[in-house]
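Residue-level listing of the chains:
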Amino acid sequence: MQPIIRVEELGKSYRIGERQGPPRSLRELFSERVSFRSRSERRARAAQAASSTELWALRDINFDVQAGDVVGIVGRNGSGKSTLLKILSRISEPTCGRFQLRGRIASLLEVGTGFHPELTGRENIYLNGAILGMRREEIARDFDEIVSFAEVERFVDTPVKHYSSGMYMRLAFSVASQLESEILFVDEVLAVGDAAFQKKCMARMRAAAHAGRTVLFVSHNMAAVTALCDKAIALQQGALIYSGDVDGAVGLYDVPAGPDMVEWNGSAGDEDVQVVRTWARSLAADGTMHTAAAIEIGVELDVLQPIEQFILSFWLLSSYDYELAYCRYDDNDNSKPPLIPPGRMVKRWIIPADTLGAGTYTVRWALGLHMIKHIINGPEGSLTFTLQNTQGVGRRFVSPQGRGFVSLLRPNWEVR
Amino acid sequence: MSASAAARLIDAQLDGPVLTVDATVSRPLFGVTELWTYHELLYFLTVRDLKVRYKQTALGVIWIVMQPLLFTLVFTIFLGHVARVDSGGIPYPVFAYAALLPWSFFSSAVANGAGSLVGSAHLITKVYFPRLVIPTAAVAARLVDVAISLALLGVMMVWYRIAPTRNLFMIPPLLAVTGLLALALGTWLSAVNVRYRDVGVMVPVMLQVWMFVSPVVYSSRSVPAKWHALYILNPLVGLIENFRTAVFGGAFDWPAFTVSVVCAVALLLEAARMFRATERGFADVI
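Just so it is clear, the structure is predicted and the values come from calculations on it, not from any experiment.

### Details of the packing of helix H4 (residues 121–132) of chain A against helix H6 (residues 165–177) of chain A
Residue and element names in this part refer to chain A. Between H4 and H6, the shortest axis-to-axis distance is 10 Å and the interhelical angle comes to 40°. Classified by the angle between their axes, H4 and H6 sit oblique to one another. Classified by chirality, the crossing of H6 by H4 is right-handed. Along its contact with H4, which presents Gly-121, Ile-125, Asn-128, Gly-129 and Leu-132, the element H6 presents Leu-171, Ala-172, Val-175 and Ala-176. In terms of residue class, the contact of H4 with H6 is built from six nonpolar, three polar and no charged.

### Examining the confidence of the model for chain B
Residues and elements named next belong to chain B. Taken over all residues, the pLDDT of chain B has a mean of 87, while the share at 70 or more is 92%. Taken together, the stretch residues 1–14 has pLDDT below 50 and engages in 22 contacts with residues farther than four places along the chain or on a different chain. The complex model carries a pTM of 0.70, and its ipTM stands at 0.81.

### Quick look at the sheet that holds strand E15 (residues 343–351) of chain A
Hydrogen bonding along the main chain pairs the strands of a sheet, whether they run parallel or antiparallel. Residue and element names in this part refer to chain A. On the basis of which strands lie adjacent, the open sheet formed by four strands has the order E10-E11-E12-E15 and antiparallel pairing. Looking along the sheet, the strands with just one partner apiece sit at the ends: strand E10 (261–269) and E15. Adjacent strand axes in the sheet meet at a mean angle of 10° when their direction is disregarded. Sheet analysis places E10 next to strand E11 (residues 273–282), joined by seven bridges and oriented antiparallel. Across the sheet, the residue bridging to Gly-269 is Gln-274, located in E11.

### Regarding the environment of Ser-219 of chain B
All names here are of chain B. Mapped onto the elements, Ser-219 comes out in the loop between helix H9 (198–212) and helix H10 (228–231). In the structure, Ser-219 is positioned 18 residues away from Val-237 in sequence and 9.8 Å away in space, judged by C-alpha atoms. Excluding its chain neighbours within four sequence positions, the residues that come into contact with Ser-219 are Asp-86, Ser-87 and Gly-88.

### Some details on the nonpolar core
Membership of the largest hydrophobic core comes to 142 residues, with the highest contact counts inside it found for Ile-73, Val-215 and Phe-217 of chain A. In terms of residue count, the dominant contributor to this core is helix H5 (residues 92–119) of chain B (16 residues). A domain-level breakdown of this core finds at least three residues from each of domain 1 (5–59) and domain 2 (67–253) of chain A. Non-local contacts of Val-215 of chain A, meaning those with residues more than four positions away in its chain, are made with Val-70, Val-71, Leu-184, Val-186, Met-205, Ala-208 and Ala-209 of chain A. Core analysis: the next-biggest nonpolar cluster, separate from the first, contains 27 residues, Ile-295, Tyr-361, Leu-383 and Phe-385 of chain A among them.

Criteria and cut-off values
- Residues numbered from 1 in each chain as written.
- Chains lettered and ligands numbered in written order.
- Predicted model: local features only at pLDDT ≥ 70, side-chain atom pairs only at ≥ 80, totals over all residues.
- Axes fitted to C-alpha atoms, helices over the stretch in contact; angles between N-to-C directions.
- Helix = DSSP H or I, 4+ residues; strand = E, 2+ residues; numbered from the N terminus.
- Parallel < 35°, antiparallel > 145°, perpendicular 65-115°, else oblique.
- Left-handed = near helix turned anticlockwise from the far one by under 90°.
- Contact = placed C-beta atoms within 7 Å.
- Nonpolar A, V, L, I, M, F, W, Y, C, P; charged D, E, K, R; others polar.
- pLDDT = per-residue confidence, 0-100.
- Pairing = 2+ DSSP bridges.
- Core = buried A, V, L, I, M, F, W, Y, C linked by C-beta atoms within 7 Å.
- Buried ≥ 20, exposed ≤ 12 C-beta atoms within 10 Å, placed from the backbone.
- Domains from an automatic or database assignment.

Have a look at this one:
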């Protein structure tokens, strides 16, 4: 059977670094033209610059997609997933190679593209629909459904700048989801928003898949890909490393359980406090990191001056930088924090077993003197660790990588 | 959807239009068929431009006529009365307004077009459509201003008792060529603007200078005859002066008009070529 999408030898290169292609302003252009360098010297420099700063975001990509397939495109940040989707959507041009698409294409890289805050809901529905490639009679036909799905009936003639962000997102998604096409490209940015909105997005995409449409779905949420797709292609540093059924890609893409201890050594801080070491490690008997192990977060620091009002804390972030928890070491009473004399200080926090779900987490430190200054308020000393759900609770219905990035409710509740 | 319906949809997919993109194959110069597929987008973008421009303004569409009217007033006081520019016996206000009409159309269309791509960066990086739609919509939005300005011109002609002649028939072709010239220039500048933001700074300056080398506040008859051949190389001379002739009667300057038409067509071809050549990189550079 003839594939609905065929991609052959597709490549995309960007020039990066100090010299970005031709000069960016006219003055630069003129000053370059009149510089006193011999032509051969200039050409040599240009060639050198071109070779050293060319970055291949995609290289030699070949794959076919059959009609009706729902394909996940997976890979880490910077692996070229979004670039591939942009090229197939014709937003960006390939540097080499070719591709062929059979049928009408809808591409949702973002909801609400082209929404104008000054225009009313009604005007934006027509404008946004036209931008997405819908015909006016199609929009008119589906207008009532769009409005009722978005639940904005009363505000349809109000400028969208007065909408709540929830209404705005619902309306934008509602327009996009009416798009009738044979091929659908979706970027995971769609799945940003509150939980209810994400659920709506996923339900619409599942419906599209069941209706026989061909879907390409970019994501690094493996749970979503597993739930939605039957095939997958995996990218790594711009190269296609896997094409086949979705389970194979999940195994490839997902990192094996992280090292058993993550450690940072260095020096960060200021003239009052210097952090010299931070770590995260498993407290399980076998020492491996997984969701059923208690995790210790630790910090070692030197106090150089006597300090008061010391705040020593960290944020626990999910891989999307959601703040999951904020922990301080002496938050328990209201008495005035003691004066801390110079010397070495070591603090440890224990995250109990079966508290965090599978996923990648980051510990980001926040040190300072209350109401006086920050000592560390950024990436210095931060730690990233990955947990898989290979032991303990939460494994009955999902894969070890599934149910990502959330805390499990403690399972020791009595159930009657 | 049932399994057989899904199967039918899959069959339909394979019969549908086939799109092939090949990095080594260049695109047609205008891509008229593709532009036509997107004519509704052109319409909606034009309407958006019009609606948004005067949203939350107290005077609304009155601004469309306010600008040329204020200029007319200032020019009448300082050039008509103080400097006593020769208007060939025509009352100075209507003399100036008849030139300001095509000039305002041209200059606002060029300025609007030149900034259009950069102003639509959020669209260009997120969704595909022929990029030519954007500067075209920006220029087209100014056509509505022209309609309103023409109505006001009619009022002034009645007020100043200027009898219409059959010269009026030239108004549509003159405005059409003005529009094409503005489209060509706006499109060309918008593409350059994507890479060189100097354009945004340069356009207002260029337009200011251009206004004074065009017969807007004075008549082209004030230019010495020996310079006439050089003077009409400015394509706006043939459009603005002939617009006056269309309103007030007299003999058209056909050589100057020919220069304008040739310029418009040549610039349009060059703009399309240039736009096509750089279009591929817009999403990466903008």
